[in-house]
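Chain residues, written in single-letter form:
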Amino acid sequence: MRTSPTWWILGAGALGRLFGARLTTTLSLHLIGRRPDDGPLRYHAPCGEIHDVDVARTTLATLALHTHARPALVVLATKSYATLTAVEELAGHVDPQTPLLSLQNGFSIQPRLAKIWAGPVLCASTTEGAYVEGETGVVHAGTGTTWIGDIDNTWPILARDSVYWLNQAGFSAYHDVAIVQRLWHKLAINAAINPLVARYRIRNGQLRDQPFRRMVDSIINEIGPLLEGEGVVPPPAGWHTLVWEVIGATANNRASMLQDVLAGRPTEREAILGPLLAIAKRQRCTAPTLETLYHDTPS
Ligand code: KPL
């Protein structure tokens, strides 16, 4: 076992709490949210067991006041629209070369982070399903896979090191030298699932029933050719299988966009559907299903 590094997680939503509850068992961790919290995190494991996990939960301002070890890496678990502001705030508290690991959905914030941040920017694509419960709980509703890499493939050792710590914490994680392709695949998954479940207020698994099943299939039919037109290699078993497998594995989950709607927060409509509509425009293609979906999705 290697010497445990210190990691910070910025953002105490569902993924931040999930990663916090698991990673705190193997490395020194601070989960940074808007409010400090003393009590343990209540982690609902996929098997139904409930564990109270002691996770150091704090705010950036409080962390700055103490002489905690500076982080070897900061996991960004904020919403994509809130990430740039959060990173600007973070910059005042860490070494400018500190590696970041972006967990954001969509594919718009990652290239921007890589441009503005002086240190390495790793990107993760994860199909773990989780939702928050109350002030301190997180339900791990579906286990998935997490891939980590960086856009230009400049940091393979760092990416593999992060993968090591995720696996130590019980996640199923891999280094991906083609993370950009993977992020596009994940965007296809999010575009087929999140807007529909947010609009109809249903769990992922309910998409398997009609009339939603038909809607999901028509969204996938439009996304596949658009992404392939941009040089994205289709998943080995095809776009439909990719999406339906994630729906099956996260059937019990309330997707992140549904959680946003239920909590009265803005949604990630721009980060998820925006890049697809931009591609359609660039390719001079009509994308009627995606346009209607964008229009009907809460912002
Ligand atoms: O990424 C997700 C999300 O909720 O945003 C999926 C994989 C769809 C799981 O719900």
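Reading guide: rules and limits
- Residues numbered from 1 in each chain as written.
- Predicted model: local features only at pLDDT ≥ 70, side-chain atom pairs only at ≥ 80, totals over all residues.
- Heavy atoms only, no water.
- Phe/Tyr/Trp six-rings, centres within 6.5 Å; stacked < 30°, edge-to-face > 60°.
- Helix = DSSP H or I, 4+ residues; strand = E, 2+ residues; numbered from the N terminus.
- Buried < 20%, exposed > 50% of the residue type's maximum accessible area, 1.4 Å probe, protein only.
- Lys NZ or Arg CZ within 6 Å of the ring centre and 35° of its normal.
- Domains from an automatic or database assignment.
- Contact = heavy atoms within 4.5 Å.
- Buried area = accessible area lost by both parts, 1.4 Å probe.
- Salt bridge = Lys/Arg side-chain N within 4 Å of Asp/Glu carboxyl O.
- Polar contact = N/O pair within 3.5 Å; in protein donor to acceptor, adjacent residues only side chain to side chain.

Undergrad: How do you make sense of the packing of aromatic side chains when you look at a structure like this?
TA: Aromatic ring pairs are reported here in terms of the distance separating the ring centres and the angle at which the planes meet. In the structure shown here, the tally under the stated rule is four aromatic pairs. Between Phe 19 and Phe 171, the aromatic rings sit 4.7 Å apart at their centres with planes inclined by 25°, giving stacked as the arrangement. Taken together, the positions of Phe 19 in helix H1 (residues 14-23) and Phe 171 in the loop between helix H5 (156-168) and strand E12 (173-175) put the pair 152 residues apart, joining distant regions of the chain. Its relative accessible area of 1% is what places Phe 19 among the buried residues. For the pair Tyr 164 and Trp 165, a centre-to-centre distance of 5.0 Å together with 85° between the ring planes defines the contact as edge-to-face. Per residue, the accessibility class of Tyr 164 equals that of Trp 165, and both read buried. When the ring centre of Phe 171 is taken as reference, the NZ or CZ atom of Arg 22 above it lies at 5.1 Å. Over the face of the ring belonging to Trp 147 we find Arg 182, whose NZ or CZ atom lies 3.8 Å from the ring centre.

Undergrad: Just checking my understanding: could you explain the domain arrangement of the protein chain for this structure?
TA: Reports of interface size often rely on the accessible area that becomes lost once the parts have come together. Looking at the protein chain, the domain boundaries give domain 1 (6-177) and domain 2 (181-296). The gap between the C-alpha centroids of domain 1 and domain 2 is 24 Å. Counting residues at the interface gives 23 residues for domain 1 and 25 residues for domain 2. Here domain 1 and domain 2 share an interface that buries about 2000 Å² over both sides, 53% of which is from carbon and sulfur atoms. Interface area lost by domain 1 to domain 2 is led by Asn 105, Phe 107 and Tyr 131, which between them contribute 31%. At the junction of domain 1 and domain 2, the tally comes to two salt bridges. As a salt-bridge pair, Asp 260 and Lys 79 come within 3.1 Å of each other at their nearest N and O atoms. On inspection of domain 1 and its partner domain 2, the count reaches 12 residue pairs in polar contact (both at pLDDT 80 or more). Of all the secondary structure elements, the ones that give two or more residues to the side of domain 1 that touches domain 2 are strand E8 (121-126), strand E9 (129-133) and strand E10 (137-142).

Undergrad: Please clarify how the pattern of salt bridges should be interpreted in this entry.
TA: Once their charged atoms are close, side chains differing in charge can pair, the charge on each being opposite to the other. In total, this model carries eight salt bridges according to the counting rule given. Across the salt bridge formed by Arg 35 and Glu 135, the nearest N and O atoms sit 2.9 Å from each other. Of this pair, Arg 35 sits in the loop between strand E2 (28-32) and strand E3 (41-44) while Glu 135 sits in the loop between E9 and E10, placing them 100 residues apart in sequence. Residue classification places Glu 135 among the exposed residues on the basis of a relative accessible area of 53%. As a salt-bridge pair, Arg 182 and Asp 176 come within 2.7 Å of each other at their nearest N and O atoms. Accessibility expressed as a relative area gives 8% for Asp 176, which makes it buried. One salt-bridge network, held together by shared partners, links Lys 79, Asp 260 and Arg 265.

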